[in-house]
Every structure is written in structure tokens, then in C-alpha cells.
Amino acid sequence: MDETRAEEGDDVVERYARFARDEAPGRSALYAEWADGVASDPALAAILARIPATRRQPPLVFAVTRMLGAPEGAFPAWAAWLVEHGDEVVAEASVRRLQTNEPQRCAALLPALATIDGPIALLEVGASGGLCLYPDRYSYRYRGSDGVLALDPDAGTSAVVLECEITGAPPLRLPEVVWRTGIDLEPLDASDAGDRRFLTSLVWPGESGRAERIAAALDIAAADPPHLIAGDASDPEVLRAAAALAPAGATLVVTTPGVLPHIPRAGRERLLDAVGTLDAVWITIDPPALHDRWRPPVDAASWGGFVLGRDGEALAAVDPLGSFVHWRAWRAGGTDAAG
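Residues numbered from 1 in each chain as written. Predicted model: local features only at pLDDT ≥ 70, side-chain atom pairs only at ≥ 80, totals over all residues. Heavy atoms only, no water.

Draft legend 1. A look at the overall build of the protein chain. Helix and strand counts for the protein chain stand at 11 helices and 13 strands. Taken against the 2.2 N^0.38 rule, which gives 20 Å for 339 residues, the C-alpha radius of gyration of the protein chain at 21 Å falls within 12% of a compact globule. In the protein chain, which comprises 339 residues, the proportion classed as buried is 52%. Considering only contacts in the protein chain between residues 6 or more positions apart, those separated by 24 or more positions represent 69%. Put simply, the protein chain shows about 14400 Å² of open surface, and 51% of that area lies on carbon and sulfur atoms. The protein chain carries 30 positive and 49 negative side-chain charges, and their two centres are separated by 2 Å. (Helix = DSSP H or I, 4+ residues; strand = E, 2+ residues; numbered from the N terminus. Rg over C-alpha atoms; globule rule 2.2 N^0.38 Å. Buried < 20%, exposed > 50% of the residue type's maximum accessible area, 1.4 Å probe, protein only. Contact = heavy atoms within 4.5 Å. Areas by Shrake-Rupley, 256 points an atom, 1.4 Å probe, with all protein chains shown as cover. Lys, Arg positive; Asp, Glu negative; His and termini not counted. Charge placed at Lys NZ, Arg CZ, Asp CG, Glu CD.)

Have a look at this one:
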């Protein structure tokens, strides 16, 4: 038992040192400081080693501590708080998972959605709290060489305004979403205070505006809740059962915006095979080398971002969180470049 605990502590030290060295710099100086401190403190590493290995990622653990009230300051104060609240952190982190729900992704999804005529029945895999199920309820400001294109819902400017840099000439219009459903292993409730605080706590310190944007999107979702299904979408029967709920007369659109890298390869392949059997349009945002479904193949080395795809056709290079869209398609359903 002691040997196992020591190995778990070593794993924490290695994981947090890597995060401090390779992942946090340039994005959050505070998280880099905290991770480096954990890697240098065996007592803290031992506390975090009590969390299951699949749920002790630094961004998740740090978010849980902030959700529970840890001071967002220098490492010594945070470390002292963790020692005092270790049991609480272990218990909460053990039942949470990384479920970042960034509505800004809708700015990258919108050009693909705009290629679809008529009403849309939207089904998202890995929906978390469902914030990417409301592309029709947000406002957009697309900035290109010709200026800014503003898109707003009929009711006026949304409380959520998404800004995005564009190149090329993507189709840009708000979709008509008549049905919205999501599948997630552990869906979050936009109206639940704890889930709301968790989602905003997943924002890294220093990322200006994200927490406020997520909070505003949570208000939109809470006012008109989506149908969220607890289940594993890599099980074809779960996916098919959800798709069967979609209303007649609307185009079923299955979205997988950023979730596929978090599904083990075998499950990911099952999911993509199952999507292919549906009478649906598949829209995704993926790393270019994640799978071999692109037609024609994508040159990952020169693509310049994640791939926004429709039914396996690469439409644009995009930021996975929606800050830019470099459109490469010359028409809906066809592309003029694979690299």
C-alpha cells in the first residue's frame, strides 16, 4: 500500500511539473506557479494523489479548489488552504471531470451551420451544460479585411457577443434551431448554482472575459433548458436513441466540437461509424491528425489550426475555442484546399 501511494505521488509530481513547464506558460502565470509548487511539495502531491488518476488533471483540480473558495493568489496561500481543505478537494474532484463549455466555439461552428438550409435539429455530443446548443441565441462580430459583420438574433443584441477574426468568405447567417439536445457522461445543469460555479471556475485565471461570457450563456440556457441525456455517445444505441427524438421536418445536425480528442480511439471510431449511419449532417471541430475521416485528406503540418468539417469535408482552419476562422471552402460541401 505504501509503495502504491508513493507511486501515485510520483505521478502527481511528474504530471504537475510537466503542466508547469509545457502547458501553463503563456496562458496562466498563476496556474504555472501553483503547478510548480505542487511538483516541489511531496505533502501536497500526496493529497492530490488521493484523487483518482483520471480526475487529477491540474486544470480540473485547480478549478475545484477555486470553486470551493481557495484564494486566487500566490502559491503559499493557496497551498495552506489546500492543506486545510484537502478532504473536501479530494471528494469534489473525485466526482468532477473536465467539462469546459465555451460558447465562443459557436463562432467557429456557425459558418458550417450556415451551409444548411431550413430548420435544424441540433444534437451535440459532449454537451456539458449545453452552451454550444444556442448558436441562434448569440450575437456575432466577425472581423475581416472588409470590416466587421454583425449578426444578432431577431430580438436584438444578445447578452453573449462572440468576436471572431475571419479570412476568406464563409457563409455567415444565424441558423434556425428548432430542437436542441445534448449527450454527456455527466450533464451539467445551467440553473444549478454548483454547476454554474464549476463551469466558470474552469476558466483559467487571466483569461479575460471568458467567465462573464459563460455566465451570460448559462443564463440563456437556464431560461430555455435544452434536453440533456446522461450517457456514453460512443455507444451507438445511445446516439441512435437520441437522434430518434429529433422532430420530423428538420435537418438533424450532429456536432462534436472538441470532444473527440477526449474519447479513447476505439470509442471514437465507434461513434464516428454510428454518426455515418444516421440521416444527419455531421459538423465537427478536430485536430487535423486526430482521425482519417477527412475527404480529401488534410495536411496536418500546414493546415494552420483545428479543422472545421462537414460530413468529413474540411471547410476551414479554426481556433478550437472560436477566436478565428480561416475559410478554405469554395462552396457548401466542397473545398479547394486540403492543406
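Now that the structure is up, let's keep going.
Draft legend 2. Representation of the sheet that holds strand β6 (residues 227-230) in the model. Pairing is mixed in the open sheet, where 11 strands are placed in the order β3-β2-β4-β11-β10-β9-β8-β7-β1-β5-β6. On the outer flanks of this sheet lie β3 (147-151) and β6, each paired with one strand and no other. Across the sheet, the mean angle from the axis of one strand to that of its neighbour is 25 degrees, orientation sign disregarded. Both strand β5 (residues 176-184) and β6 contribute to a ladder of four bridges, which runs parallel. Bridging across to β6, D184 finds its partner in A230. (Pairing = 2+ DSSP bridges. Axes fitted to C-alpha atoms, helices over the stretch in contact; angles between N-to-C directions.)

Draft legend 3. A look at the environment of P261. Its location among the elements puts P261 in the loop between β7 (251-257) and α11 (265-277). With 29 residues separating them along the chain, P261 and L290 place their C-alpha atoms 7.1 Å apart.

Draft legend 4. The arrangement of the nonpolar core in detail. Counting residues in hydrophobic clusters, the biggest one holds 81 residues, and the most contacted among them are Y16, L48, Y138, Y140, Y142, I283 and L308. Not counting residues up to four positions away in its chain, the partners in contact with Y142 are C106, A107, L110, P111, G147, V148, L149, L151, C164, I166 and L172. Residues A121, L252, L272 and L278 belong to the second largest nonpolar core, which totals 22 residues. (Core = buried A, V, L, I, M, F, W, Y, C linked by side-chain atoms within 4.5 Å.)

Draft legend 5. Expanded view of helix α5 (residues 75-84). Looking only at α5, the buried set comprises F75, W78, A79, W81 and L82. Along the long axis of α5, the arc covered by the buried residues comes to 160 degrees, so they all point the same way. In α5, those exposed residues whose orientation departs by more than 90 degrees from the buried face are P76, V83 and E84. Contact partners of the buried residues in α5: α2 (29-39), α3 (42-48), α4 (58-67) and α6 (86-93). (Arc of directions from axis to C-beta.)

Draft legend 6. A look at the pairing of strand β1 (residues 119-125). Summarising burial for β1: six of the seven residues are buried, a large majority. Relative to β5, β1 runs parallel, the two being bridged by seven bridges. Bridge pairing in β5 links P119 to E176. Where β1 and β7 come together, five bridges link them in parallel fashion. Its bridge partner lying in β7, A121 is registered against L252.

Draft legend 7. Up close: α11. Its 13 residues give α11 an end-to-end C-alpha distance of 19 Å, which sits within 8% of 18 Å, the value for a rise of 1.5 Å per residue. Among the residues of α11, G267, R268, L271, L272, A274 and V275 are the ones counted as buried. Taken end-on, α11 shows its buried residues confined to a sector of 160 degrees, consistent with a single buried face. Among the exposed residues of α11, those pointing more than 90 degrees away from its buried face are R265, A266, G276 and T277. (Expected span 1.5 Å × (residues − 1).)

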